[in-house]
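A structural walkthrough
Take a look at the letters that make up each chain.
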Amino acid sequence: MENNERRPVVLSCIQPTSIPTLGNYLGALKNWKAMSDDNDCIFAVADLHALTIHPEPAKLRQQSLEMYAILLAMGLDPEKNIMFIQSHVPAHTQLAWILNCYTQFGEASRMTQFKEKSLKHSDNVNVGLFDYPVLMAADILLYQANFVPVGADQKQHLEICRDIADRFNNLRGETFTLPEPYIGKTGAKVMSLQDPTQKMSKSDVNPKATVSILDTPDVIMKKFKSAVTDSESCVRYAEGKDGINNLMTIYSCCTGLDYDKIESEFAGKGYGDFKAAVAEAVIEELRPVRENFDKYISDKASLMSAAADGAERAGRIANRTLRKVMKKTGLVMPE
Ligand code: TYM
């Protein structure tokens, strides 16, 4: 019967390294929300991944709660979806260790993000940073996820996850579902407003380069007004127009209009008008998060209780997979 058919399982996580950017939002979070009606969704705050950059402990604790509050403020329902904090479900680190033993050093060494981050933070190239994709594979495989909504920068991590799962399945018998990345057609790589050849990143030192999803309307307007464009003064999507292409992508994500429609809407108008329109669209798009955030973050007891409930439900699914894996790898099962 159709009603009994299993819905696809969707899983994704976000690091609580700071308030998410417009890039995180358009590349990932907006799709989490869109997918949450028709799928069994599992969303986590990846606090263990955040440890790789040695955050200040009190700050990490606060940011983990803020991230959870942002997910609620976006309208994700913790009863309909399973929403939790990664470190509350120990199966993630347990499975990560087992998967380490099924991951080749060579394949992990090829990860672009590891290479980039090692160059950028050469004083702290820790083993956790190297192992980051394996923990990410554990996050995904524990829940037998079918789809993983992420930005384009995570595609390679999804590929290694599939390779690890496939290797395990071949050696120990069918255990894991092979996940597919879900990468949106637009917004998969939102660029910096100050250097549109670079990805918009939470860690950018130039505050004008990124829009935080809790920025006030005034600040958002100012940041878009100072966005780097080009000297052509014509709103069209074309090679070499990285700044305008990026603004068109952002506008398209927020309004649903395709590039042709955007070009005709702004035909004969200057960049000033276009930048203001993009800023207005972003302000509108982020309005619910901005307006609801304070309510959620100020009620710590409710946040903790929702997170505990999420961890309980996640743990039940995760432990089922973990036990299967323990059995298949020859670990003695606890009574
Ligand atoms: P994080 O916190 O670095 O990023 C969260 C999500 O935001 C996407 N993203 C972007 N999308 C478009 N344009 C940008 N400029 C941009 N910057 C970031 C990222 O692709 C990501 O989807 N490793 C993950 C966290 C994670 C995870 C997982 C994800 C841990 N375990 C399991 C999926 C499944 C990450 O990049 O987080």
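Residues numbered from 1 in each chain as written. Predicted model: local features only at pLDDT ≥ 70, side-chain atom pairs only at ≥ 80, totals over all residues. Heavy atoms only, no water.

Re the site of the ligand
Taken together, the neighbourhood of the ligand is formed by 27 residues, with Tyr132, Asp139, Asp153, Val190 and Lys202 sitting nearest. Within the side chain of Lys202, an N or O atom sits 2.8 Å from an oxygen atom of the ligand. When the ligand sits alone it has 710 Å² of accessible area, and the protein chains cover 96% of it. Breaking the shell around the ligand down by element, the ones donating at least two residues are β1 (9-14), α1 (22-35) and α7 (127-141). In terms of residue class, the shell around the ligand is built from 13 nonpolar, nine polar and five charged. (Near = heavy atom within 4 Å. Polar contact = N/O pair within 3.5 Å; in protein donor to acceptor, adjacent residues only side chain to side chain. Areas by Shrake-Rupley, 256 points an atom, 1.4 Å probe, with all protein chains shown as cover. Helix = DSSP H or I, 4+ residues; strand = E, 2+ residues; numbered from the N terminus. Nonpolar A, V, L, I, M, F, W, Y, C, P; charged D, E, K, R; others polar.)

Section: the packing of helix α3 (residues 57-73) against helix α12 (residues 271-297)
Contact geometry for α3 and α12: axes closest at 8 Å, N-to-C directions at 125°. With respect to α12, the axis of α3 lies oblique. Both α3 and α12 take part in a crossing whose hand is right-handed. Across from Gln62, Leu65, Glu66, Ala69, Ile70, Leu72 and Ala73 in α3, the residues of α12 making contact are Pro288, Val289, Asn292, Phe293, Tyr296 and Ile297. Across the contact of α3 with α12, the residue classes break down as ten nonpolar, two polar and one charged. (Axes fitted to C-alpha atoms, helices over the stretch in contact; angles between N-to-C directions. Parallel < 35°, antiparallel > 145°, perpendicular 65-115°, else oblique. Left-handed = near helix turned anticlockwise from the far one by under 90°. Contact = heavy atoms within 4.5 Å.)

Quick notes on the pairing of β1
Most of β1 sits inside the fold, with five of its six residues counted as buried. Bridging between β1 and strand β2 (residues 40-45) involves six bridges; their strand directions are parallel. From the neighbouring strand, Ile14 faces β2, where its bridge partner is Val45. (Buried < 20%, exposed > 50% of the residue type's maximum accessible area, 1.4 Å probe, protein only. Pairing = 2+ DSSP bridges.)

Observations regarding helix α6 (residues 112-120)
Buried residues of α6: Gln113, Phe114 and Ser118, and no others. All buried residues of α6 project into a common sector of 130° when viewed along the axis, lining one side. In α6, the exposed positions that point more than 90 degrees away from the buried face belong to Glu116, Leu119 and Lys120. Elements that come into contact with the buried residues of α6 comprise α7 and α8 (155-172). (Arc of directions from axis to C-beta.)

Things to note about the pattern of salt bridges
Under the definition given, this model contains 15 salt bridges. Note that Glu107 and Arg167 form a salt bridge whose closest N and O atoms lie 2.6 Å from each other. Here the residue Glu107 occupies a position in helix α5 (residues 105-109), and Arg167 occupies one in helix α8, the gap between them amounting to 60 residues. A salt bridge links Lys155 to Glu159, with the nearest nitrogen and oxygen atoms 3.6 Å apart. Placement of both Lys155 and Glu159 in helix α8 is noted, with a separation of four residues, approximately one turn of the helix. (Salt bridge = Lys/Arg side-chain N within 4 Å of Asp/Glu carboxyl O.)

Quick notes on the packing of α7 against α8
Running from amino to carboxyl end, α7 crosses α8 at an angle of 70°, the nearest separation of the two axes being 9 Å. Considering the angle they form, α7 stands roughly perpendicular to α8. The two elements α7 and α8 meet at a crossing, and its hand is right-handed. Contacts between α7 and α8 involve Tyr132, Pro133, Val134, Met136, Ala137, Ile140 and Leu141 on the former and, on the latter, His157, Leu158, Ile160, Cys161, Ile164 and Ala165.

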